[in-house]
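Architecture and fold: a report
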Amino acid sequence: MKKADIFLFLGKCLSMDDHPGIAELVRQEIVSMPLKELLEVAISHSLLPALYPVFERHQVLPELPEGITSLLREAHARNAEKNAGIMGQVRRVAQAFQQVGIPAVFLKGAGYLLQGLYKDAGERVMTDIDVLVRGEDEEKVQEVLRGRGYMARAGAAEGDYGDHRHLPPFYHPGEVVPVEVHRSPLHGDFAGHLPPQDAFRQRMQAGDHGASVLSLQHQQLLHFFHEIHHTRGKPGTLGTLRGMYDFYLLSRKR
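Residues numbered from 1 in each chain as written. Predicted model: local features only at pLDDT ≥ 70, side-chain atom pairs only at ≥ 80, totals over all residues. Heavy atoms only, no water.

**So, the overall build of the protein chain**
- Within the protein chain, the secondary structure is distributed over ten helices and seven strands.
- The C-alpha radius of gyration computed for the protein chain amounts to 19 Å, which stays within 12% of the reference 18 Å derived for 254 residues, consistent with globular compactness.
- With the principal axes as the frame, the protein chain shows a C-alpha extent of 55 × 35 × 35 Å.
- Taking all 254 residues of the protein chain together, 52% fall into the buried category.
- Long-range pairs, those at least 24 residues apart, make up 65% of the contacts in the protein chain between residues at least 6 apart in sequence.
- Positive and negative side-chain charges of the protein chain, numbering 29 and 31 respectively, have mean locations separated by a distance of 2 Å. (Helix = DSSP H or I, 4+ residues; strand = E, 2+ residues; numbered from the N terminus. Rg over C-alpha atoms; globule rule 2.2 N^0.38 Å. Buried < 20%, exposed > 50% of the residue type's maximum accessible area, 1.4 Å probe, protein only. Contact = heavy atoms within 4.5 Å. Lys, Arg positive; Asp, Glu negative; His and termini not counted. Charge placed at Lys NZ, Arg CZ, Asp CG, Glu CD.)

**Here's the deal with the confidence of the model for the protein chain**
- Residues at a pLDDT of 70 or more form 91% of the protein chain, whose mean pLDDT is 91.
- Note that pLDDT drops below 50 for residues 157-163; the model gives that stretch 14 contacts with residues more than four away or on any other chain. (pLDDT = per-residue confidence, 0-100.)

**Some words on the nonpolar core**
- Judged by nonpolar contacts, the single largest core of 65 residues is most densely connected at Phe 55, Leu 72, Phe 97, Phe 106 and Val 181.
- Among all residues touching Phe 106, those that are not within four sequence positions of it are Val 90, Val 93, Ala 94, Gly 111, Leu 114, Ile 129, Asp 130, Val 131, Ala 211, Ser 212, Val 213 and Leu 214.
- Judged by nonpolar contacts, the second largest core, of twelve residues, contains Leu 107, Leu 132, Leu 194 and Phe 200. (Core = buried A, V, L, I, M, F, W, Y, C linked by side-chain atoms within 4.5 Å.)

Encoded structure:
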C-alpha cells in the first residue's frame, strides 16, 4: 500500500465528526490497513493521540486488535494528562502577565486548546507554549518569567535571537514545557502578512482567566505560513498531517 493511501485514510478518520457517513467506510477499510505502517505515519505526524477518541466516538475500536487499541488508549491518556498540565501552566503564565498589565496572545497549540478547538483536549501533541507580546513589554515579560522561576535556555545568548521572531525559550524546573515569547507571529520572510499590531488589535478572549488568542482569520494565516516555512517555502509540499488537521478544524470553526 502506498503512503498516499495511508494519508488519505487518516484524513477520513479525522473528518468523521463532520461527515458521519465516512465512519462506515473507515470501519470497512481499517481491517485491510497495514496497521504497523498506519501507526508509523500517525506517530511521525503527531497524530497518534488523536486517533483513540475519534475511533471511540465512531465505533471503530472493535475492528482493531486489542493490542492496538491499548496502545492508542495509552498514547491518548498520556497526552491528555500532559495537556492538562500544560493548560495549568498557560493559566499561570496568563495570570502573571495580567497582574502586571502585560497584554499577551497565546499562539498555535496553546491558543487552540484555550478556545476548545478539539472535541478532546488530549488530541493535540504540544512541545511548548507560544505567546506573543508587544515589543515595549519585552523586558518586563522576561522579568516576570524570571520572577516566577523561569530561566532562559543554557548557552542561549540574547544576541543569537536578536533578529529572531521569539526570545530564547524559557524553562522552569517544575513546569511541563518551555515558554517561547514571540516578538512577531510569523517568520521574517512572512512577517508582513501578520504584523503584531494587527494581531493585538483583532485578538479574541478565550477561556475564563483573561487569556487571549488570535482572531480565527489570523490563526489561519499563522498556520498557513508556519507550514510553508517548515516546507522551505514550497506551498505544494506536504507539511504535516497534524498541520492539515489543525487548519481543517480552524476552517470549520470559522
